[in-house]
Amino acid sequence: MVDSAPNALVISDIRGNISLINNQAKEMFGYEAEEIVGSKLEILMPERYREQHSKKHANYFLSPKVREFESSLELFAVRKDGTEFPVEICLTPIKTDDGTVALASIVDITERKRSEIIIKKQVIELQQKNKEMEQFTYIASHDLQEPLRTVTNYLQLIEEDYPEQIKGELSQHLATVGSAINRMSILVRSLLDYGRLGRNKVLSLTNAEMVLNEVMSDLNGLIKCTNSNIIIDNTLPKLHAYETELRQMLQNLLNNAIKFRKKDTRPVIHIGFTRKDDYYEFYVKDNGIGIDSRYSERIFKMFQRLNKETDFEGHGVGLANCKKISEMHGGTIWVESEPGRGSIFKFTIPFL
Ligand code: ADP
């Protein structure tokens, strides 16, 4: 049984002498049984751990119990040829006629460690790239503001200095330039805000119900004038979240739910959440114009809009911000919708 076990097994007695070693362990360490049985257990460990181990081994037999060494402990073993490798060990006491012995089950975790290192490296690279992207967006939009301001100022000067000459077609052209600049500065500011989003984020225990109440009170004017019926299906939970950003996300979603209402239909909006295994799933459901499923990914991209600005005003940044915020929390956001049949926006926040 010991020989056919998948793990390397080494049995040692109370004095710390190896009394049995199975085939897997022989292969793992590069010893034959007769070379090693009777030797001190420390032969299988790097020099630096030996002295400490021999003391611990004696103590183990004072109150022997099953012990699993956490992988965070960074245990190493050493082969006959002197090479080291990382291991995970589980110790089990076994009572025999000759007294208690310790059965060590050893797993070589070199491969796992290697994958962990690769994943860690990739995560760092990804974070770095993300940071660079954010910095680029921030710097680009910041620097774009300056020339925009100059153009605006000069346009104003032209209008002030040449009131007589500006008429007819010229006046129309200047008005077009003015509104294009206006739009551009809104876009630049949106980009800047997007780049800034979450820069000073603070994780805290957040009462989502309270946040929602604040959002509703901020949108009170809009709710009243559109006669919207907002129904909170269940009391939102307290959770670890970035409160300011969560508020912004709820505000965007509720604002959109009201904004994209059908003409002549009273907006009825449900807000609630369900608790899943290891995350919360929130939803904002409306009875508005709905969205064609072909666009359900596109709407979360920056500056993407499906409607004319004359029908519904906006700049196409709200949902891009929501996506960034949900991902900042380690969650996701998506929409379930059909044209003319309302939309449900759902986002998740894992228990952090
Ligand atoms: P904005 O609201 O400024 O247009 P968003 O990024 O918030 O920008 O939304 C992007 C687009 O997604 C909107 O222009 C609209 O076409 C669509 N959309 C968002 N929310 C809804 C909704 N609740 N119902 C229907 N369409 C929506």
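Bear in mind that the values here come from a model prediction, so they are computed numbers and not experimental data. (Residues numbered from 1 in each chain as written. Predicted model: local features only at pLDDT ≥ 70, side-chain atom pairs only at ≥ 80, totals over all residues. Heavy atoms only, no water.)

### Observations concerning the side chain of Ser190
For Ser190, the location among the structural elements is in helix 5 (residues 168-196). Classification of Ser190 as buried rests on a relative accessible area of 11%. Excluding residues within four positions of it along the chain, Ser190 makes contact with Met302, Phe303 and Val317. (Helix = DSSP H or I, 4+ residues; strand = E, 2+ residues; numbered from the N terminus. Buried < 20%, exposed > 50% of the residue type's maximum accessible area, 1.4 Å probe, protein only. Contact = heavy atoms within 4.5 Å.)

### A closer look at the packing of helix 8 (residues 243-259) against helix 9 (residues 318-328)
How two helices pack is summed up by the angle between their axes together with the distance between the axes. Two numbers describe how helix 8 lies on helix 9: the axes approach to 9 Å, and their chain directions differ by 140°. Judged by the sense of rotation from one axis to the other, the crossing of helix 8 with helix 9 is left-handed. Residues Glu245, Leu246, Gln248, Met249, Asn252, Leu253 and Asn256 of helix 8 lie in contact with helix 9, whose contacting residues are Gly318, Leu319, Asn321, Cys322, Ile325, Ser326 and Met328. (Axes fitted to C-alpha atoms, helices over the stretch in contact; angles between N-to-C directions. Left-handed = near helix turned anticlockwise from the far one by under 90°.)

### With respect to unusual backbone geometry
The phi angle at Asp264 is positive, at roughly 65°, despite the residue not being glycine. Relative to the elements of secondary structure, Asp264 occurs in the loop between helix 8 and strand 10 (268-275). Unlike most non-glycine residues, Phe303 shows phi in positive territory, near 65°.

### Here we look at the UniProt feature "domain: PAS" (unreviewed entry) in the protein chain
Mapped onto the present numbering, the UniProt feature "domain: PAS" (unreviewed entry) falls at residues 1-47. Annotation note: span residues 1-47, helix share 26%, strand share 19%, distance between end C-alpha atoms 31 Å. (UniProt positions renumbered as here; feature names shortened; annotations may be inferred.)

### Some points on helix 5
Across its 29 residues, helix 5 extends 42 Å between first and last C-alpha, which sits within 8% of the 42 Å expected from 1.5 Å per residue. Listing the buried residues of helix 5 in full gives Leu174, Ile181, Val188, Ser190, Leu192 and Gly195. The elements touched by buried residues of helix 5 are helix 4 (110-161) and helix 9. In the stretch just after helix 5, Gly198 is the one whose phi turns positive, near 85°. (Expected span 1.5 Å × (residues − 1).)

### Considerations on the pairing of strand 10
Both faces of the sheet carry side chains from a regular strand, because those side chains alternate between them. Where strand 8 (residues 229-232) and strand 10 come together, 4 bridges link them in parallel fashion. From the neighbouring strand, Ile232 faces strand 10, where its bridge partner is Ile271. Note that strand 10 and strand 11 (residues 279-285) share 6 bridges and pair antiparallel. The residue bridging Gly272 from the neighbouring strand is Tyr283, located in strand 11. (Pairing = 2+ DSSP bridges.)

### Structural notes on the sheet that holds strand 13 (residues 343-350)
Pairing within the open sheet is mixed, and its 5 strands lie in the order 8-10-11-13-12. The sheet terminates laterally at strand 8 and strand 12 (333-337), the two strands that pair on one side only. With direction set aside, neighbouring strand axes in the sheet form an average angle of 15°. In the sheet, strand 12 pairs with strand 13 via 5 bridges, with the strands oriented antiparallel. Pairing of Glu336 across the sheet is with Ile344, part of strand 13. The sheet strands contacting helix 6 (residues 208-218) are strand 8, strand 10 and strand 11, and the helix crosses strand 8 at an angle near 175°.

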